[in-house]
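# Observations on chain architecture
These are the residues of each chain, in order.
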Amino acid sequence: MAVSNDELKGLYYYMNLVRQFDERCRRLFKQGRFHGTYFSAVGQEATVVGPCYGLRPDDFIGIQHREIGAVITKGMPIKYMMAQLFARKDSPDRGKSHPCHYGWKPMGIVTPASTIAAQTVIVTGSALAWKIQKKDNVAVAFVGEGATSNGVWHEALNFAGIHRLPIVFVVQDNLWAESVPKSLGVPLENVSERAKAYGFPGITIDGNDLIATYETSQEAIKKARRGEGPTLIEMKT
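Everything in this summary refers to the structure shown in the same document.

Next up on the list: the side chain of aspartate 93. Looking at the secondary structure, you find aspartate 93 in the loop between helix 4 (78-85) and strand 2 (109-110). The side chain of aspartate 93 is buried and forms no salt bridge, while arginine 94, the nearest opposite charge, is found at 7.1 Å. A polar contact of 2.9 Å, which involves the side chain of aspartate 93, links it to the backbone nitrogen of glycine 95. Reaching out from aspartate 93, the side chain makes a polar contact with the backbone nitrogen of serine 97 at a distance of 2.9 Å. Once residues within four sequence positions are removed from consideration, aspartate 93 is found in contact with Gln84 and His98.

Before going further, it helps to examine the environment of tyrosine 14. Along the chain, tyrosine 14 turns up in helix 1 (residues 5-30). Each C-alpha atom of the pair tyrosine 14 and glycine 69 lies 8.0 Å from the other, and the pair is 55 residues apart in sequence. Those residues in contact with tyrosine 14 that sit more than four places away from it in its chain are Val49, Tyr53, Ile72 and Thr73.

The next thing to look at is the pairing of strand 8 (residues 231-236). Along strand 8, five of the six residues are buried, which leaves the element largely enclosed by surrounding structure. In this sheet, strand 8 lies alongside strand 4 (residues 167-173) in parallel orientation, the contact comprising six bridges. Within strand 8, the residue paired with valine 171 across the bridge is glutamate 234. Bridge analysis of strand 7 (residues 202-206) against strand 8 gives five bridges, and the strand direction is parallel. When the sheet's bridge partners are listed, aspartate 206 is paired in strand 8 with lysine 236. For the handedness criterion, the β-α-β arrangement of strand 7, helix 7 (residues 210-225) and strand 8 is classed as right-handed.

Pairing is parallel in the open sheet, where six strands are placed in the order 2-1-3-4-8-7. Of all strands in the sheet, those bounded by a partner on one side alone are strand 2 and strand 7. With three bridges joining them, strand 1 (residues 60-62) and strand 3 (residues 139-144) adopt parallel strand pairing. Each bridged residue has a counterpart across the sheet, and for phenylalanine 60 the counterpart in strand 3 is alanine 139. With respect to the sheet, helix 5 (residues 118-132) is in contact with strand 1, strand 2, strand 3 and strand 4, its orientation differing from that of strand 3 by roughly 165 degrees. Its contacts with the sheet place helix 6 (residues 151-163) against strand 3, strand 4 and strand 8, and it is angled at close to 145 degrees to strand 4.

What follows covers unusual backbone geometry. Phi angles above zero are rare outside glycine, and arginine 94 is one such case at about 60 degrees. Judged by its relative accessible area of 54%, arginine 94 falls in the exposed class. A positive phi angle is found at lysine 134, which is not glycine, with a value near 60 degrees. Relative to the helices and strands, lysine 134 is located in the loop between helix 5 and strand 3.

If you look at the biggest cluster of nonpolar residues, it comprises 42 residues, and the most contacted ones within it are Tyr38, Ile61, Met81, Leu85, Tyr102, Ile109 and Phe142. Elements with a minimum of two residues in this core: helix 1, helix 2 (46-52), helix 3 (68-74), helix 4, strand 3, strand 4, helix 7 and strand 8. Residues Val123, Ala127, Ala147 and Ile167 belong to the second largest nonpolar core, which totals 23 residues.

This part covers helix 4. The complete set of buried residues in helix 4 reads Met81, Ala83, Gln84 and Leu85. Against the buried residues of helix 4 lie helix 1 and helix 3. Trailing helix 4 by a residue or two, alanine 87 shows a phi angle of about 55 degrees, which is positive.

What follows covers the pairing of strand 4. With seven of its seven residues buried, strand 4 lies for the most part within the structure. With burial as the criterion, each face of strand 4 is covered, one bearing Ile167, Phe169, Val171 and Asp173 and the other bearing Val168, Val170 and Gln172. As paired strands, strand 3 and strand 4 are joined by six bridges and run parallel to one another. The residue bridging valine 143 from the neighbouring strand is valine 171, located in strand 4. Handedness of the strand 3-helix 6-strand 4 crossover: right-handed.

About the cut-offs
Residues numbered from 1 in each chain as written. Predicted model: local features only at pLDDT ≥ 70, side-chain atom pairs only at ≥ 80, totals over all residues. Heavy atoms only, no water. Helix = DSSP H or I, 4+ residues; strand = E, 2+ residues; numbered from the N terminus. Buried < 20%, exposed > 50% of the residue type's maximum accessible area, 1.4 Å probe, protein only. Lys, Arg positive; Asp, Glu negative; His and termini not counted. Salt bridge = Lys/Arg side-chain N within 4 Å of Asp/Glu carboxyl O. Polar contact = N/O pair within 3.5 Å; in protein donor to acceptor, adjacent residues only side chain to side chain. Contact = heavy atoms within 4.5 Å. Pairing = 2+ DSSP bridges. Right-handed = clockwise from strand over helix to strand, strands pointing away. Axes fitted to C-alpha atoms, helices over the stretch in contact; angles between N-to-C directions. Core = buried A, V, L, I, M, F, W, Y, C linked by side-chain atoms within 4.5 Å.

Laid out in structure tokens, this is it:
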């Protein structure tokens, strides 16, 4: 697909905005300006901006605590994200899900749980509802490569494959699951190969190539809207 100049400008805008917000929050955390912890994703912006740019408000994204770029690109106002980090009562969660559990119903951002990969099950259920209702909405679920060794992740992909649901699974493969190296958690070089077990395509791309993440995600999203089932995209970063 050809990426227009307007799309390139929009993608760059969000890449820059996400990086600026993330770095600012890192400084605030190190200064002790808010309590709890902070999950930065500096350097992985393309893995979330590419898939989320251009999604509709009624599409859903399933995130964990490190996908701040997905939340910003999907359309959650910065002031609400900052209010959530500071556990303020005027944040969407009324300060109860602190820290880094961003969610905003008007833009289809499902507030995550701390349980690893739980968001994949929730948005898979949403995708089933859309299929029953004959809607062309799409869900995008984000995880790290470590989450692909979690049972609920396999359940979500298996169910999505059986029912050919309109969902895109994005794996951000940065070689580390918290303090565990990939080699101790995943017996494969490419996590995308796991999609074969569930009967739908798996693709591995350079997760630091913004154009690649955007083009690949757009193709998978269009495929899902047409009723042609899910796709697993592994983005190495």
